[in-house]
Amino acid sequence: MQELTMSDLSHPKRRNLRLVRVFPGILICLVVSSVVAQAPALPNPFPSTYKPLPRTDTLIDNATVLDGIGHRLLNAGVLLHAGKIIAIGQHLQAPPGTKTIDARGGFVTPGLVDVHSHLGDFAAPYTLRDEKVSDVNEESSPNSAEVWALHSIRVQDPQFARVRAGGVTTLQVLPGSSDLFGGRGVVLKNVPAVTVQQMEFPGAMPSLKMACGENPKYTFGEKGQFPSSEMGNVAGYRQAWIEASEYRRRWDDYYAKQDSSLRPPARDLKLETLAAVLRGQILVDMHCYRADEMAVVMDVAKEFGYKIAAFHHAVEAYKIVPLLKENHVCVAVWADWWGFKVEAYDAVRANAAFVEAGGGCIMLHSDAPISGERLTLDAALAMGAGHRAGVDIPEERAIEWLTINPAKSLQLDGQIGSLEPGKNADVVVWSGDPFSVYTRANIVFIDGAIVFDRNDPSRQATSDFEVGQPAIERPQ
Amino acid sequence: MKHVLLITLLTFSSTAIFAQHDTIAITGAKAYLQPGQPPVEDATILVVKGRVQAAGVGLVVPPGMRIVEAKGRIVTPGLMNSASQLGLVETGTPDTTDSAVTTGPLGASFDVQYALNPNSTLLPVARADGLTRAMVVPVASATPPFDGRGAVLRLSEGPDILDLPQAAVVAEVGGMVAPKSGGSRSAQWMLLRSALDAARRAAVPSTLHKEDDKSTLLSPANVAALVPVVKRRVPLVIVAYRESDLRQAISLVDDYKIRVVILGAEEGWRVADLLSSRKIAVVLDPYASTPTTYDQMGARLDNAALLDRAGVVISFKAAFVHVSYNAGIAIREGAGVAVANGLPWSHALKALTVNPAETWGIEGHYGTLQPGMDADLVLWDGDPLEPMSAPAMVLVRGRQVSLETRQTLLEKRYRPGMAGDPVPPGYR
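Residues numbered from 1 in each chain as written. Chains lettered and ligands numbered in written order. Predicted model: local features only at pLDDT ≥ 70, side-chain atom pairs only at ≥ 80, totals over all residues.

Engineer: What exactly am I supposed to notice about the overall build of chain A here?
Structural biologist: Of regular secondary structure, chain A possesses 15 helices and 16 strands. What you see for chain A is a C-alpha radius of gyration of 22 Å, in line with the 23 Å of a compact globule of 476 residues. Seen along its three principal axes, the alpha-carbon backbone of chain A occupies a region of about 60 × 50 × 50 Å. For chain A, with 476 residues in total, the buried portion stands at 57%. For chain A, long-range pairs separated by at least 24 residues make up 71% of all intrachain contacts whose partners lie at least 6 apart in sequence. (Helix = DSSP H or I, 4+ residues; strand = E, 2+ residues; numbered from the N terminus. Rg over C-alpha atoms; globule rule 2.2 N^0.38 Å. Buried ≥ 20, exposed ≤ 12 C-beta atoms within 10 Å, placed from the backbone. Contact = placed C-beta atoms within 7 Å.)

Engineer: Would you explain the overall build of chain B in this entry?
Structural biologist: Each helix and strand counted, chain B has 11 helices and 17 strands in total. At 22 Å, chain B has a C-alpha radius of gyration in line with the 22 Å of a compact globule built from 428 residues. Considered along the principal axes of its C-alpha atoms, chain B spans approximately 70 × 55 × 45 Å. With 428 residues in all, chain B has 57% of them scored as buried. If you take every contact in chain B between residues at least 6 apart in sequence, the share linking residues at least 24 apart comes to 69%.

Engineer: Even after reading the chapter, I still don't get unusual backbone geometry, so can you show me in this structure?
Structural biologist: Peptide bonds are, in most cases, trans, and in most cases residues other than glycine have a negative phi. Between alanine 124 of chain A and proline 125 of chain A the backbone carries a cis peptide bond, its omega angle lying at -5 degrees. Between phenylalanine 226 of chain A and the following residue, proline 227 of chain A, the backbone shows a cis peptide bond with an omega angle of 0 degrees. Here proline 227 of chain A is to be found in the loop between helix H6 (214-221) and helix H7 (230-257). Non-glycine residue aspartate 42 of chain B carries a positive phi angle of around 55 degrees. Looking at the element boundaries, aspartate 42 of chain B is found in strand S3 (residues 40-48). The backbone of arginine 397 of chain B shows a phi angle near 50 degrees, a positive value even though the residue is not glycine.

Engineer: Sorry, what's going on with the packing of helix H2 (residues 185-203) of chain B against helix H3 (residues 220-230) of chain B here?
Structural biologist: Helix-helix packing is characterised by the crossing angle of the two axes and by the distance between the axes. Residues and elements named next belong to chain B. For the pair H2 and H3, the least separation of the axes is 8 Å and the interaxial angle reads 80 degrees. Between H2 and H3, the angle falls in the class roughly perpendicular. Residues Ala195, Leu196, Ala198, Ala199, Arg200, Ala202 and Ala203 of H2 form the contact with H3, whose own contacting residues are Val223, Ala224, Leu226, Val227, Val229 and Val230. Counted by class, the contact of H2 with H3 contains 12 nonpolar, no polar and 1 charged residues. (Axes fitted to C-alpha atoms, helices over the stretch in contact; angles between N-to-C directions. Parallel < 35°, antiparallel > 145°, perpendicular 65-115°, else oblique. Nonpolar A, V, L, I, M, F, W, Y, C, P; charged D, E, K, R; others polar.)

Engineer: Looking at this structure, I do not really get the pairing of strand S10 (residues 283-287) of chain A. What am I missing?
Structural biologist: The side chains of a regular strand alternate between both faces of the sheet. Residue and element names in this part refer to chain A. Most of S10 is tucked away, with 5 of its 5 residues classed as buried. Burial along S10 is two-sided: the residues Leu283, Asp285 and His287 and Val284 and Met286 are all buried. Both strand S9 (residues 207-211) and S10 contribute to a ladder of 5 bridges, which runs parallel. Bridge pairing links alanine 211 to histidine 287 in S10. Of the strand pairs in this sheet, S10 and strand S11 (residues 308-312) are connected by 4 bridges, and their pairing is parallel. Residue pairing for S11: methionine 286 is matched across the bridge by phenylalanine 311. (Pairing = 2+ DSSP bridges.)

Engineer: Would you mind going over the nonpolar core with me for this structure?
Structural biologist: Note that soluble globular proteins tend to have their nonpolar side chains buried in a common cluster. If you look at the biggest cluster of nonpolar residues, it comprises 287 residues, and the most contacted ones within it are Val331 of chain A together with Ile45 and Val169 of chain B. If we skip the residues at most four places from it in the chain, valine 169 of chain B touches Ala108, Phe146, Arg149, Ala225, Leu226, Val229, Val234, Leu236 and Val237 of chain B. (Core = buried A, V, L, I, M, F, W, Y, C linked by C-beta atoms within 7 Å.)

Engineer: What exactly am I supposed to notice about the pairing of strand S6 (residues 74-77) of chain B here?
Structural biologist: All names here are of chain B. Pairing of strand S2 (residues 24-31) with S6 involves 2 bridges; the strand directions are parallel. Along S6, the bridge assignment pairs lysine 30 with isoleucine 74. Relative to strand S15 (residues 377-380), S6 runs antiparallel, the two being bridged by 3 bridges. Opposite threonine 76, over in S15, you have valine 378 as the bridge partner.

Engineer: Teacher, can you tell me more about the interface of chain A and chain B here?
Structural biologist: Often, the extent of an interface is quoted as the loss of accessible area on bringing the components together. Counting residues at the interface gives 48 residues for chain A, matched by 45 residues for chain B. Among the elements of the structure, helix H5 (159-164), helix H10 (321-326), helix H11 (351-357), helix H12 (369-372) and helix H13 (375-388) of chain A are those that each provide at least two residues to the side of chain A that touches chain B. Each residue belonging to the side of chain A that touches chain B can be placed in one class, and the counts come to 32 nonpolar, 7 polar and 9 charged.

Engineer: So what exactly am I meant to see when it comes to the sheet that holds strand S7 (residues 79-84) of chain B here?
Structural biologist: Pairing between sheet strands relies on hydrogen bonds along the backbone, with the strands arranged either parallel or antiparallel. All names here are of chain B. Ordered by their spatial adjacency, 8 strands build an open sheet running S7-S8-S9-S10-S11-S12-S13-S14, and the pairing between neighbours is mixed. Looking at the sheet topology across the chains shown, the edges are occupied by S7 and strand S14 (314-316). The average angle at which neighbouring strand axes cross in this sheet is 25 degrees, direction not considered. Note: strand S12 (residues 260-264) against strand S13 (residues 281-284), 3 bridges, orientation parallel. Bridging across to S13, isoleucine 262 finds its partner in valine 282. Together, strand S11 (236-240) and S12 form the strand contacts of helix H4 (residues 243-256), whose direction differs from that of S12 by roughly 170 degrees. Its contacts with the sheet place helix H9 (residues 345-352) against S7 and S14, and it is angled at close to 70 degrees to S14.

Nothing here speaks to function; it is geometry throughout.
Now the structure itself:
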């Protein structure tokens, strides 16, 4: 059994290898950058200080197991040791000192991975001041590539605990979609913490949030600023990539000379992030609803040689499944949001099922905590709609939309996203079929530690915000 | 002539062929005939001229009726969303949005009924999720705290969708709308009381100086809209979340003897017994679990169960973008969430049918499958509270409606396997 450690993923060589495997389309770009430019690994000045919670080796037994990679095992167990999954299957023996959880009648799945969340940067409670200025969007410029969602996160957002109780163990928190370039996203482990670094997923690649369509156009156009049209949006992307290419070239020249006596080029936070995208060190997560917009944006990515990990909110993905496949771009969708704006008018509930049936990559995301608390029900909605449209997706496949597929999109599938030996013990024990409205997550593990237990109040963390609030306490 | 229609899972087949008033016999149903009671197995429901003629076990099906074999599947009354903007919204753009009057003199008197769009593409989506009635409430007016007057819709096909106009007057209080009342929620309650005082004066025929009533802060038209409230003919809807506001609403009932419906009530569980004793109905969002605003500090998923246990008549609204766009699925899945958090299943079904009927004053013709009621009913392909389930057949006032929507038609156009077709989708 090969164990991937955190340092494996943060090592630049390993990361490049993994990129190539998952996304062969960017092979050339990476080879060029590593041979010629010798740009160093992307530094993280705000490194993770995450430590797993206290844990006990555990055998979860007698459950229906959906392993996240297409299998359904009946009467099966999952054995957790030292924070890793070490075995999965029937008739597992619990080694001495191992606690056994009898999950008879229940289901076990990997911890859910929410690839599009705003917890912490759009923290509850929402206030009237947030209507004008909030932490989710830096609206002073349509290109805010220099900002990082990490720096907005309020770890005491009470919503983290709500989605933890819904089985979400990993979440990518993104900036909003007001800007063409919204800034960097960050991947968090959904553990109660006091600083954001304590939640930061060690070694996870950052992402760059970008946005298509109505939000940037109206945010700036209605203020009389650029961009004020869809064509303005695309011009804004391309102009920025031209500048970033030039910035990257300056730095690559500097690295190539390997002369420490030379004065390095001036740093620019905005261009630093964009250049890292061009080097393949940061993947783009792009808010984009319409099929025609996605097609244009994929051509922009080809023009400048960068990689889009996923289109988010891609309500029209079902119209261009072969094109998405060809470009190796995943899509993240809601099950049923539609109509609330013109670009969401053509949404269909079978979207996810159609992308899956067409061989594309699909994920369900939350965007709003109301969905993050019940991602499996969104999957159920999509499965039901698919069924009525003639596409049957089995549960063991649909669970991938919430587990291994987002893990791949985040480049973390070596560590999370499935129940396989060697992976992190991020596991959810459900009271029943997770796609039923009556089912609830009973126990949630992150790295082998119980972070939520519905039947044990001592394992139900609340945020500091909720402490001493008379409105929350039960009246006598 | 005797048709036997085998209802199968519909894959794109239009069901609009039976568009006239049907005479339909649904047989072999697991039917929820009595609110709050267990279902009746092997039930027959006879639908004639838009109404339920009879429902029960062992009924003889008269010759000539179209027979629909339910084969043991669930039949419920058509569902009702208790607070939506169906018929008033389309794409979120101002030109397709009629849910609020934000400038001009109309406040409490604003009435949504003249804007209703029966050709809205939202209505078929709601119908295909089993919704046959909906309360439509205005939002965010120019004369706070009043938003205007709401109406009940029936989700029939065709232009005839207005079921009950002026079903309620809607007011909104709380921190998030306080700036519109000058900056304090206290002003909201003062304005409400002042308006009710004026309406009381206007309701007395001997008071013939309505135009001279200088003590009111509202225009005569807005005062007139409140007269049915003080006469207890329609409820005053108060959008409120925080316990202090709920207690103010309770005081209003005590002081003015009016009927009040609370919309929101995230902290309703804290005053459940008081709400129950004043017969204040509550329309709630069953997904509310978190302090979304400071007014909703006490939000919890068992709010529905706790209010129901105290005897409060509860019904459901949806949150966020689902309010109207997913007006059907959001409340039935939401009802399931409430069941997962302690609400008995049969009470959840009441909260989707007979409870909103009572709350909005249409219980005389909608809400149950009792003889004489409008035949709004749904034959389900599974448990109606499960997101994977959907209606196999929907009747609105005895007519079978199509389950086709813009969405199912787009799905048909782009179904998997069509990708290699050289003919553009526009020709399909």
